[in-house]
Amino acid sequence: MNMYPERVLEIASGIREMKIRGAGRIARATAEALKIAALSYNGVEDLVLFKKYMVEVGELLISTRPTAISLPNTVVYVLSSLRNSSSFSEARESVVKRADNFIRESEEATKRISLIGAKRIKENSIVLTHCHSTAAVGVIIEAYKQGRVVRVYSTETRPFYQGRVTYTQLAKSGVPVVQIPDSAVRYIINEVDYVVVGADTVTSNGAVVNKIGTSQVALAAKEARTRVYVAAESYKFSPLTLIGELVTIEYRSPEEIVSREWIEKHPRVKVLNPVFDVTPPEYIDAIITEYGVIPPQAAVLILVEKLGWALDVLGYSEGKLDLKRIVAL
Ligand code: RUB
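The model shown is predicted, which means the values in this text are computed figures rather than measured ones. (Residues numbered from 1 in each chain as written. Predicted model: local features only at pLDDT ≥ 70, side-chain atom pairs only at ≥ 80, totals over all residues. Heavy atoms only, no water.)

## Examining helix α12 (residues 299-306)
Along α12, the residues that are buried comprise A299, I302 and L303. Along the axis of α12, the buried positions cluster into a sector of 100°, meaning they face one direction only. On the buried face of α12, the contacting elements are β5 (201-202), α10 (239-242), β9 (286-289), β10 (292-294) and α13 (308-314). (Buried < 20%, exposed > 50% of the residue type's maximum accessible area, 1.4 Å probe, protein only. Helix = DSSP H or I, 4+ residues; strand = E, 2+ residues; numbered from the N terminus. Arc of directions from axis to C-beta. Contact = heavy atoms within 4.5 Å.)

Next up, the structure:
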């Protein structure tokens, strides 16, 4: 077996340890890792062996974090090109091309979402965001530049404090930003005109899986009649949910919440650290994609029209992600 290149291992552990985080960045890093793996393959120049190697690299990357569908969607998109390759060099070239395409298109998608989303925010609005989402921050900064945003509340997002990245980015762009603890959302929500958040996975029925606490924010917003917008590129929609698969919610180490010492001192206390939750479609006003603004109930259209190719390669009947099958091994 070909050893994985150092940089590929670095990207995999970077995703696992959340040095690379956020569904979009994870997806782009995944595409980059697949490209590096293909370019640095130095085994026998044989199509089948190369496909096996790429499947192993894909599986390694997919194993790093379970919730964001952007990660397996990227692997499927890049590696499904291997199905029709007829030689080793053609196969290698196709992986590199698809990886480059994905990175370019995903960056363009985020820019389009900023422009489309900004238009949905009226002048002099107050916005609240949760966690750190490149797509959501893009919408907010663009809306601010267009004179639509006067203040942003940004939650800390415990226990990992992704909110610190958000308010640093917003402040750098000149956006007046106020940091609040997660628990202050309901207290502040009556001042807020729009909630804008990102997504790790959008299901076929329009539910949005995003950072833990998002569903509480949406619940408070619904009660206060504050609009909730989700900024999500199409590769965050999950083809697997069309065939009934559920989204796995990641649980991380309790040590992100309390110290090991504390845990040892309190052996009768169990500390749970679920890091994502599910916001039902009824709590979401619109999902902003690079193809336009859709009601969450139209998620299935994005899946069928824009990710139909993924359904073909996944095979409707079997459901589970099987990379060997996807690359026709
Ligand atoms: C990040 C998170 C973000 C989405 C969307 O979770 O929930 O809201 O991934 O982000 P984590 P983006 O920090 O655990 O990865 O718009 O950047 O893709």
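## Topic: the site of the ligand
Every one of the 18 residues lining the ligand counts as a neighbour, but R21, G24, S133, N210 and K211 are closest to it. In the environment of the ligand, an oxygen atom lies 2.7 Å from a nitrogen or oxygen atom belonging to the backbone of G24. Between the ligand and the protein, one listed contact pairs an oxygen atom with a side-chain N or O atom of N210 at 2.6 Å. Alone, the ligand offers 460 Å² of accessible surface; in the complex the protein occludes 100% of this. Among the detected pockets, the ligand sits in the largest cavity. Of all the elements in the fold, those that place two or more residues in the shell around the ligand are α2 (23-39), α6 (134-145) and β6 (208-211). Tallied by class, the residues present in the shell around the ligand amount to six nonpolar, seven polar and five charged. (Near = heavy atom within 4 Å. Polar contact = N/O pair within 3.5 Å; in protein donor to acceptor, adjacent residues only side chain to side chain. Areas by Shrake-Rupley, 256 points an atom, 1.4 Å probe, with all protein chains shown as cover. 1 Å grid on protein atoms, 1.4 Å probe; cavity = no way out; pocket = protein on both sides within 12 Å on 5 of 7 lines; lining within 4 Å. Sits in = over half its atoms within 2 Å of the grid points. Nonpolar A, V, L, I, M, F, W, Y, C, P; charged D, E, K, R; others polar.)

As far as function goes, none of this settles anything; it's purely spatial.
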